[in-house]
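Architecture at a glance
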Amino acid sequence: MTPPEGQQQSDGVAWLLADMTLVTGMTVLVKMTGAGLPAIQIVFLRAAVGLLLILPLVWVRRADLWAMHDPGRNAVRVACNAAALSANFTALTALPLAMVNAIGYLRPIVVMLLATALLGECASRLRWMGVGGVALAVGPDLRDTTSDDVSATGLIAAGAAVVFGSLAVVQTRALRRESPTVMMLFYTLGLTALTAFPALAVWRPVGAADWPSLLAIGALGQAGQYCFLRPTARKRPRRWHR
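Described in the following lines is the structure provided in the data block.

1. A few points about the side chain of T33
Tracing the chain through its elements places T33 in helix α1 (residues 5-33). In terms of polar contacts, T33 uses its side chain to reach the backbone carbonyl oxygen of L29, at 2.9 Å. Look past the residues within four positions of T33 in its chain and what remains in contact with it is S213 and I217.

2. Examining the packing of helix α3 (residues 71-94) against helix α8 (residues 180-201)
Where α3 contacts α8, the two axes come as close as 9 Å, and the packing angle between them is 55°. Between α3 and α8, the angle falls in the class oblique. Our pair here, α3 against α8, has a crossing hand that is right-handed. Of α8, the residues touching α3 (which contributes P71, N74, A75, R77, V78, A79, N81, A82 and L85) are M183, F186, Y187, G190, L191, L194 and T195. When its residues are assigned to classes, the contact of α3 with α8 shows eleven nonpolar, four polar and one charged.

3. Section: helix α5 (residues 107-119)
When the terminal C-alpha atoms of α5 are compared, their 17 Å separation across 13 residues agrees well with the 18 Å that a helix rising 1.5 Å per residue should span. Residues of α5 that are buried: V111, M112, L114 and A115. Residue G120 follows α5 closely and has a positive phi angle near 75°.

4. Section: the environment of P205
Along the chain, the position of P205 falls in the loop between α8 and α9 (211-234). Expressed as a C-alpha distance, the spacing of P205 and G36, which sit 169 residues apart in the sequence, is 9.5 Å.

5. Description of the packing of aromatic side chains
Any aromatic ring pair is given by two values, namely how distant the centres are and how the planes are angled relative to each other. Using the criterion set out here, one finds two aromatic pairs in the structure. A centroid spacing of 5.9 Å and a plane angle of 85° characterise the contact between W15 and Y226, whose relative ring orientation is edge-to-face. One end of the pair, W15, is in helix α1; the other, Y226, is in helix α9, and 211 residues separate them in sequence. A centroid spacing of 6.2 Å and a plane angle of 75° characterise the contact between F44 and W203, whose relative ring orientation is edge-to-face. You can see F44 sitting in helix α2 (residues 39-60) and its partner W203 sitting in the loop between α8 and α9, a full 159 residues away along the chain. Accessibility expressed as a relative area gives 16% for F44, which makes it buried. Residue W203 is classed as partly exposed on the basis of its relative accessible area of 36%.

Basis of the calculations
- Residues numbered from 1 in each chain as written.
- Predicted model: local features only at pLDDT ≥ 70, side-chain atom pairs only at ≥ 80, totals over all residues.
- Heavy atoms only, no water.
- Helix = DSSP H or I, 4+ residues; strand = E, 2+ residues; numbered from the N terminus.
- Polar contact = N/O pair within 3.5 Å; in protein donor to acceptor, adjacent residues only side chain to side chain.
- Contact = heavy atoms within 4.5 Å.
- Axes fitted to C-alpha atoms, helices over the stretch in contact; angles between N-to-C directions.
- Parallel < 35°, antiparallel > 145°, perpendicular 65-115°, else oblique.
- Left-handed = near helix turned anticlockwise from the far one by under 90°.
- Nonpolar A, V, L, I, M, F, W, Y, C, P; charged D, E, K, R; others polar.
- Expected span 1.5 Å × (residues − 1).
- Buried < 20%, exposed > 50% of the residue type's maximum accessible area, 1.4 Å probe, protein only.
- Phe/Tyr/Trp six-rings, centres within 6.5 Å; stacked < 30°, edge-to-face > 60°.

If you want it as structure tokens, here you go:
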């Protein structure tokens, strides 16, 4: 029996809040440990740790990977996520954490624009007013991006993280027919494969003191991905309403 729409929305908000909490913890750990390792290496380790954690699920549900509705779109989603994570981790190591977060707050605007253009979804005026208010609120924090002592590489990476992260969200939305388990398995396997060779090309030895943080980054990231997929995969698109 399908829960009422109001209950589905409440459950969805709870899952997304859990995702935000887990990803915030991961972000802080990346900021603390990312200076000594290339961003792509951290992304690979995050994916590899997540894959190890879900290996039992991969084995039990291995047949589901061959029953996907749209493997091509899943591949595009994983590629966008790989680019977004690499760019975000690069930005975190090059810019102050507050600045990276301020730039990241612009992502809802990009997501809504892409959802309108690519999926035909229309948000309410109230939601547009809400994201406009967010843009105004973070405006003062973004003024520091024009300073000469701010890393241009970090700014480009932060912007790329917003764009590719938004594209990944839209692709995930378009894959609502897929089960969260299949999407998580494909995501983790694909992210590990895509980042393995680039990470090996720039690999640096990992100190013993860094492993606890790297393991936590993988665990938090994997748990956050599951929490994000639960409401995104099941909710239906909403059309224009006043």
